[in-house]
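Here's the letter readout for the chains.
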Amino acid sequence: MRTPWSILALLWSAGQASAALPADIKAGDIVQVQLAQLHPTQAAIGYRQLDYKQHRYEAEPKKLFDDYCESMGQKGVDKFDSQSRLSQPSSFRCKAPVGSEPGPMKTAVIAPDNVLYLTDGHHTFSNFADIAGLNTPVQVRITNDFRRLKTMSAFWQKMEAAHLVWLDTPSGKIQPDALPKELGRQHMQNDEYRSLVYFVRDIGFDKEQNPPPFLEFYWGKWLETQLPLKNFDLNNRSGYAKAIETIAEKMTSVPKDTVIAHSDSGPLTADRLGARKKVNLKKLEKLVSDDGKLTWAFAQ
């Protein structure tokens, strides 16, 4: 479901030209850019995950500004009002200077074509794009400068080897040149499994501090082989809750040495991907409660 903010953002961002990249940026820098300057390194996101956050933001504007400030490494929002807009950071104030807490910051790499490719934060920044437009300024931390590579082909080989790109989509694997050029729901595919895995976190699996890249996508691809979504009605909260419960039961019952996916660094077992020993029923009850994430995800 597209929220009113999404429609406004489409109108606001239409025809907006992105600014030039700052000069002399390098690995380790924190740089301000527009969302339009960040190219995705995955083609799909979970729309239902976006729905949850966007509905929360509409009801609780403070959470929107908190999430923005935290993503800029600024701890959270200190002051905002009804006139504050993400597209105008001067209209609100965060608790700390940019980069004070770099952990939650989103990351990007510089490609040989002098373009920034986002490597973390596709859902968060897609929400910001849908709400405030692609001209919204954000701060990202540059992790790698690959401009020394002579070709984009060499760049994508490097990205795949470093697990910094995900080329699988709900309709099959794509080539790097088929990746979307912009963030946001209108530019990226919907991956139902990706959303489901997001909601089952802390219920069927735990995400450690330094998880394998694309952990949720690995779980999603495994679930494709185990659990056809045609068995569930994902268009209403009760059907979605049933799917989450079934997925959690499957994650927790599979032997922990079961190989869920293969990576260049070796097999990824259920244990390595954080499978819990049993379903966290308290978290499940919270998820489906009247003020739980799933209720927000299906809000009208």
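Residues numbered from 1 in each chain as written. Predicted model: local features only at pLDDT ≥ 70, side-chain atom pairs only at ≥ 80, totals over all residues. Heavy atoms only, no water.

Here we look at the overall build of the protein
The secondary structure content of the protein amounts to ten helices and 13 strands. Taking the principal axes of the C-alpha coordinates as reference, the protein spans close to 50 × 50 × 35 Å. Counting the 300 residues in the protein, one finds 52% classified as buried. Counting only contacts in the protein whose residues sit at least 6 apart along the sequence, the fraction spanning at least 24 positions is 71%. Surface accessibility of the protein: about 14300 Å² in total, with carbon and sulfur atoms responsible for 48%. Of the side chains in the protein, 38 bear a positive and 35 a negative charge, and the two mean positions are spaced by 2 Å. (Helix = DSSP H or I, 4+ residues; strand = E, 2+ residues; numbered from the N terminus. Buried < 20%, exposed > 50% of the residue type's maximum accessible area, 1.4 Å probe, protein only. Contact = heavy atoms within 4.5 Å. Areas by Shrake-Rupley, 256 points an atom, 1.4 Å probe, with all protein chains shown as cover. Lys, Arg positive; Asp, Glu negative; His and termini not counted. Charge placed at Lys NZ, Arg CZ, Asp CG, Glu CD.)

Points about the packing of aromatic side chains
Taken as a whole and judged by the stated rule, the model has 20 aromatic pairs. On the basis of an interplanar angle of 40 degrees and a centroid distance of 6.4 Å, the ring pair of Tyr-52 and Tyr-198 is categorised as tilted. Of the two residues, Tyr-52 is situated in helix 2 (residues 47-59) and Tyr-198 in helix 6 (residues 192-200); the sequence distance between them amounts to 146 residues. Of the two residues, Tyr-52 and Tyr-198, neither departs from the other in class, the shared state being buried. For the ring pair Phe-155 and Trp-156, a centre distance of 4.8 Å and an interplane angle of 65 degrees mean the geometry is edge-to-face. Here the aromatic residues Phe-65, Tyr-68, Phe-80, Phe-92, Phe-125 and Phe-128 are joined through ring pairs into a cluster of three or more. Taking NZ or CZ as reference, Arg-185 lies 5.2 Å from the ring centre of Tyr-47, over its face. The lysine or arginine in question, Arg-194, covers the ring of Phe-217, its NZ or CZ lying 5.5 Å from the ring centre. (Phe/Tyr/Trp six-rings, centres within 6.5 Å; stacked < 30°, edge-to-face > 60°. Lys NZ or Arg CZ within 6 Å of the ring centre and 35° of its normal.)

Focus: the pattern of salt bridges
Summed over the entire model, instances satisfying the criterion amount to 15 salt bridges. Between Asp-29 and Lys-26 there is a salt bridge whose closest N-O contact spans 3.2 Å. Residue Lys-26 is classed as partly exposed on the basis of its relative accessible area of 47%. Linking Arg-56 and Glu-60 is a salt bridge whose minimum nitrogen-to-oxygen distance equals 3.1 Å. Take Glu-60: its relative accessible area is 30%, and that puts it in the partly exposed class. (Salt bridge = Lys/Arg side-chain N within 4 Å of Asp/Glu carboxyl O.)

Regarding helix 7 (residues 215-226)
Given a rise of 1.5 Å per residue, twelve residues ought to cover 16 Å, and the 17 Å separating the end C-alpha atoms of helix 7 matches this to within 8%. Taken residue by residue, helix 7 has Leu-215, Glu-216, Phe-217, Tyr-218, Trp-219, Gly-220, Trp-222 and Leu-223 as its buried positions. Buried residues in helix 7 make contact with strand 3 (44-45), helix 6, helix 8 (237-253), strand 12 (259-263) and strand 13 (266-269). (Expected span 1.5 Å × (residues − 1).)

A word on the confidence of the model for the protein
For the protein, the mean per-residue pLDDT works out to 92, and 93% of the residues sit at or above 70. Within the model, the stretch residues 1-18 combines pLDDT values under 50 with 37 contacts to residues more than four positions away or in other chains. (pLDDT = per-residue confidence, 0-100.)

Examining the state of the cysteines
The tally for this structure, following the rule as stated, stands at one disulfide. With a sulfur-sulfur separation of 2.0 Å, Cys-69 is cross-linked through a disulfide to Cys-94. Since a negative S-S torsion denotes a left-handed disulfide, the Cys-69-Cys-94 link at about -75 degrees is left-handed. On the criterion of sequence distance, the pair formed by Cys-69 in helix 3 (residues 61-71) and Cys-94 in strand 5 (residues 93-94) is long-range, its members being 25 residues apart. Both residues of the pair, Cys-69 and Cys-94, belong to the buried class. (Disulfide = S-S within 2.5 Å.)

Quick look at the packing of helix 2 against helix 3
Axis separation between helix 2 and helix 3 bottoms out at 5 Å; the angle between their running directions is 120 degrees. In terms of orientation, helix 2 lies oblique with respect to helix 3. Where helix 2 abuts helix 3, its residues Tyr-52, Lys-53, Arg-56, Tyr-57, Glu-58 and Ala-59 lie against Pro-61, Lys-63, Leu-64 and Asp-67. Residues belonging to the contact of helix 2 with helix 3 are distributed by class as follows: five nonpolar, no polar and five charged. (Axes fitted to C-alpha atoms, helices over the stretch in contact; angles between N-to-C directions. Parallel < 35°, antiparallel > 145°, perpendicular 65-115°, else oblique. Nonpolar A, V, L, I, M, F, W, Y, C, P; charged D, E, K, R; others polar.)

Section: the side chain of Thr-119
Looking at the secondary structure, you find Thr-119 in the loop between strand 7 (116-118) and helix 4 (122-132). Within the structure, Thr-119 has its side chain in polar contact with the side chain of Thr-107 (distance 2.8 Å). What Thr-119 contacts, discounting residues up to four positions off in sequence, is Thr-41, Thr-107, Ala-108, Val-109, Met-159 and Leu-164. (Polar contact = N/O pair within 3.5 Å; in protein donor to acceptor, adjacent residues only side chain to side chain.)

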